[in-house]
Amino acid sequence: MHIELLLEEPSAEAFLVRFLPRVLPAEAVVKPIVFQGKLDLLAKLESRLKGYKSWLPADYRIVVLVDEDRQDCRKLKTRLENAAAAAGLTTKSKRAGGSFVVLNRIAVEELEAWFLGDPVALHAAYPKVSATLGKKAKFRDPDAVGGGTWEALEQVLKNAGYYKGGLPKIEVAKTVAPHMDSARNSSASFHCFLDGLASL
């Protein structure tokens with residue numbers, strides 16, 4: 001199987017190319033395609049999917065991942081689903097019991113919520129971060145962290161003595177990815193993403 005990953009930012013690529021080989025079959029080939037941000041991805045998605053429709057082999061699948069960014073999650077998902085429908089491609093949500101080509105997923109609120117969902121991985125990557133961070137009320141539900149999850153992660157790392165000059169998102173994604181454990185992650189959107197991948 002070949003999986004085309006349509007991503008809004010390089011940090012998502014940095015994380016997924018390191019994490020996915022641990023959860024996908026060994027024969028799966030993953031090709032990330034990074035857009036110039038979420039707006040760029042959304043603007044080009046329908047035409048990109050129409051391009052795929054014209055040549056896509058039977059063993060290809062497309063995974064679209066965007067951050068919620070405090071948008072209405074249902075409206076955002078509908079926009080992704082409509083782009084696939086306009087291209088004539090079946091999504092997981094719209095399949096009628098059969099196979100599907102496109103998996104649309106949303107990181108709530110942002111990709112960094114997935115990192116906050118695994119404090120043990122954060123501690124392994126950055127030993128001065130407490131491995132029990134998830135017991136604090138603010139971080140029990142990483143998808144509900146207020147004020148932005150990348151800002152929250154930046155503050156956690158700064159408080160622990162890392163990255164005083166600001167959060168290097170790509171570097172953090174690369175550093176945390178090898179330590180992530182899907183079984184212990186408390187982010188619901190992360191599990192939704194993994195469940196979708198499993199159904200491919």
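Residues numbered from 1 in each chain as written. Predicted model: local features only at pLDDT ≥ 70, side-chain atom pairs only at ≥ 80, totals over all residues. Heavy atoms only, no water.

Novice: Please provide a residue-by-residue account of the sheet that holds strand E1 (residues 2–7), values included.
Specialist: One open sheet accounts for four strands, arranged E2-E1-E3-E4; its pairing is parallel. A strand with exactly one partner marks an edge of an open sheet, and here the two such strands are strand E2 (29–34) and strand E4 (102–107). Averaged over all pairs of adjacent strands, the angle between their axes in this sheet comes to 20°, without regard to strand direction. Where E1 and strand E3 (residues 60–67) come together, six bridges link them in parallel fashion. In the strand pairing of E3, leucine 6 is matched with valine 64. Taken strand by strand, helix H2 (residues 38–53) contacts E1, E2, E3 and E4, and its axis lies near 150° from that of E1. (Pairing = 2+ DSSP bridges. Helix = DSSP H or I, 4+ residues; strand = E, 2+ residues; numbered from the N terminus. Axes fitted to C-alpha atoms, helices over the stretch in contact; angles between N-to-C directions. Contact = heavy atoms within 4.5 Å.)

Novice: Summarise the nonpolar core; cite the residues concerned and give the values.
Specialist: Ranked by internal contacts, the top residues of the largest apolar core, which has 44 residues, are Phe15, Trp114, Phe115, Leu116, Val176, Met180 and Phe193. If you tally residues by element for this core, the top one is helix H1 (residues 10–19), at five residues. In contact with tryptophan 114, not counting residues within four places along its chain, are Phe15, Leu65, Ala107, Met180, Asn185, Ser187, Ser189, Phe190 and Phe193. Of all hydrophobic cores here, the second largest spans 23 residues; its members include Leu6, Leu45, Tyr52 and Val64. (Core = buried A, V, L, I, M, F, W, Y, C linked by side-chain atoms within 4.5 Å. Buried < 20%, exposed > 50% of the residue type's maximum accessible area, 1.4 Å probe, protein only.)

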